[in-house]
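Coordinates in review
If you want the building blocks of each chain, they are given just below.
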Amino acid sequence: MKIRTRYAPSPTGKMHVGNLRTALYEYLIAKHEGGDFLLRIEDTDRERFVEGATDLIYRTLKETGLVHDEGPDKEGDCGPYVQSERVKAGIYQKYAEELIAKKEAYYCFCTQERLESLKQKIDDKEIMVYDKHCLSLSEEEVQEKLAAGVPHVIRQNNPTEGKTVFRDELYGDIEVDNAELDDMILIKSDGYPTYNFANVVDDHLMGITHVVRGNEYISSTPKYNRLYEAFGWDIPVYIHCPLITDEEHHKLSKRSGHSSFEDLIEQGFVTEAVVNFVALLGWSPEGNNEILSLTDLVENFDYHRISKSPAVFDFQKLKWMNGEYLKAMDESSFYEKAKDYIFETLPDIDEDKAKKISAMVKSRIEIWPDIPEMISFFAKLDDYDNALYTHKKMKTDESTALAVLKEILPFLETLENYSNDALYEKISAWISEHGYKNGYVLWPLRIALSGKATTPCGATEIMEILGRDETLARIGKGVLLLGG
RNA sequence: GGCCCCGUGGUCAAGCGGUCAAGACACCACCCUUUCACGGUGGUAACAUGGGUUCGAUUCCCGUCGGGGUCACCA
């Protein structure tokens, strides 16, 4: 049988990395087996609906490469693919009534106040279990209230005795007492279905074979199974993924600052790295290679290897991985992205030099915004500490630095060609003529030129970027600062 | 609190009765080097705990402890 999976987000804002992972896994499971991946918009919550969020979903899926085979913008045989449109078509109401006829569901006219009174507080958490109050209403009473237009919902009628068992591909069989199953609402008073109901109906109608979702749904799964059974429908394969947590082992929330795909892109991560990283949050490939493109993932993804325990979102590792992707980029596409950051920091630089800086920085950054801080010294020499001249391995200190800088300055003044290669050749020759070691001279030079202990390149490369005048000026200033 | 799930280094994570308990990030050291980085080599570091079962448990079972999830007219 052909595998069909679906990503079913509700358009309420940015794309949480947990949702991105769910979408990814759904996509991978389907594509690994040559199946279909569908997109269904679950906009049944009119209060949380955010204008534009649907577009964001399309954009994100497109950018990450999770291309769907059917969806609102790509009609298949199971449309419409937007739940609010399916509500208009009367789909959910029809199935809910079928359940009522089978005594598997019932109308409930309880008021908000009565429901409130059912709530109890345990460990400062509010818990409410519906007491089946309206189940005892007679047929006449129900018809009367319906005719009178009394606000109502439709509830699932769950048994209070016995057990329900369901199977998850990862967790195995899970058995729950039916007493734990409350009569959840299927159709809300505004006529819209709840997620719980719409999901089951649509998954069946759309022929979904594998349902991937977060761990938090595991406790409501037996209720879904009762729905499938009441209808006489086949139950899909369930795959509940482990939770993604922050460093404190708490559910990843907006507070962490990197909980959504959009946040991460904004922070300077590349899409491919984020997708790669998210795939590894709770799943591991068979081999030792962790750098995997979407194509690699499709090829290697085996959902049986999804882990059962929660995964911490390791921001440090994401950064490392992003760095790997940046290093693997070719020179020109790296430059295309890097140039904005370079020109933002060094507005007056010419393109040739910008390209050189881009190449320097490529193997040294993890995310794009690392660039400005790394290269800002080209534009302006900040105050620095003369202690930087002291370097044990180079055998340098302030006094040797002063001597060397004073000695080499006149020589540098005689040089005309300030290209890196020419400079390095001439200076190297000068160094050996004077019987010095490279570092003995180049270290102080680099400090005077940059005022920094670490730079994205060596002394002569800095000189090339700065040009003759600025080079001489900075070295002169260094000599002055050293008391010469 | 009821119910459910989980428990291998700081983090992710292989393992699926017998291993010197992989690998990755981070960290440390060394090499390379015009600093840093990259790259290379090596290193520190783990089976929560108590009982079983077994010739033998990280692996299977039970308890304990710890963590998480869920109990909405949200998904």
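Data block above holds the structure.
Attention here is on the structure that accompanies the text. None of the values given here were measured: they were computed from a predicted structure. (Residues numbered from 1 in each chain as written. Chains lettered and ligands numbered in written order. Predicted model: local features only at pLDDT ≥ 70, side-chain atom pairs only at ≥ 80, totals over all residues. Heavy atoms only, no water.)

Those residues of helix α4 (residues 91-101) that fall on the buried side of the exposure criterion are I91, Y92, Y95, A96, L99 and I100. Looking at the buried positions of α4, the neighbouring elements they touch are α3 (83-88), β3 (105-108), β6 (153-156), β9 (185-187), α7 (195-205) and α8 (221-231). In the stretch just after α4, K103 is the one whose phi turns positive, near 65 degrees. (Buried < 20%, exposed > 50% of the residue type's maximum accessible area, 1.4 Å probe, protein only. Helix = DSSP H or I, 4+ residues; strand = E, 2+ residues; numbered from the N terminus. Contact = heavy atoms within 4.5 Å.)

Okay, the protein's contact with RNA strand B next. For RNA strand B, the set of nearby residues contains 62 residues, the closest of which are R364, Y424, W443, A459 and T460. Within 4 Å of the protein, the contacting atoms of RNA strand B are drawn from sugar and phosphate to the extent of 65%. Where the surface near RNA strand B is concerned, the elements lending two or more residues are β5 (125-128), β8 (172-177), α7, α12 (315-328), α17 (420-433), α18 (438-450) and α19 (459-481). Of all the elements, α12 adds the most residues to the surface near RNA strand B, at five residues. A class-by-class count of the residues in the surface near RNA strand B yields 22 nonpolar, 20 polar and 20 charged. (Near = heavy atom within 4 Å. Nonpolar A, V, L, I, M, F, W, Y, C, P; charged D, E, K, R; others polar.)

A few words on the packing of helix α14 (residues 351-362) against helix α15 (residues 370-379). Here α14 crosses α15 at 130 degrees, and the two axes come no closer than 11 Å. By the angle between their directions, the pair α14 and α15 is classed as oblique. Between α14 and α15 the crossing geometry is right-handed. Each of I357, M360 and V361 in α14 lies in contact with α15, whose residues at this interface are I371, M374, I375 and F378. Class assignment of the residues belonging to the contact of α14 with α15 gives a composition of seven nonpolar, no polar and no charged. (Axes fitted to C-alpha atoms, helices over the stretch in contact; angles between N-to-C directions. Parallel < 35°, antiparallel > 145°, perpendicular 65-115°, else oblique. Left-handed = near helix turned anticlockwise from the far one by under 90°.)

This paragraph deals with the pattern of salt bridges. Under the counting rule described, the total for this entry stands at 29 salt bridges. R4 serves as the salt-bridge partner of E70, at 3.0 Å between the closest nitrogen and oxygen. Placement of E70 in the loop between α2 (53-64) and α3 and of R4 in strand β1 (residues 4-7) is noted, with a sequence separation of 66 residues between them. Relative accessible area serves as the criterion here: at 11%, E70 is assigned to the buried category. A relative accessible area of 12% means that R4 is categorised as buried. Across the salt bridge formed by D382 and K380, the nearest N and O atoms sit 3.0 Å from each other. When its relative accessible area of 53% is taken as the criterion, K380 is described as exposed. Taken together, the salt bridges that share partners define one network made up of R6, E26, R40, E42, R86, D202 and D203. (Salt bridge = Lys/Arg side-chain N within 4 Å of Asp/Glu carboxyl O.)

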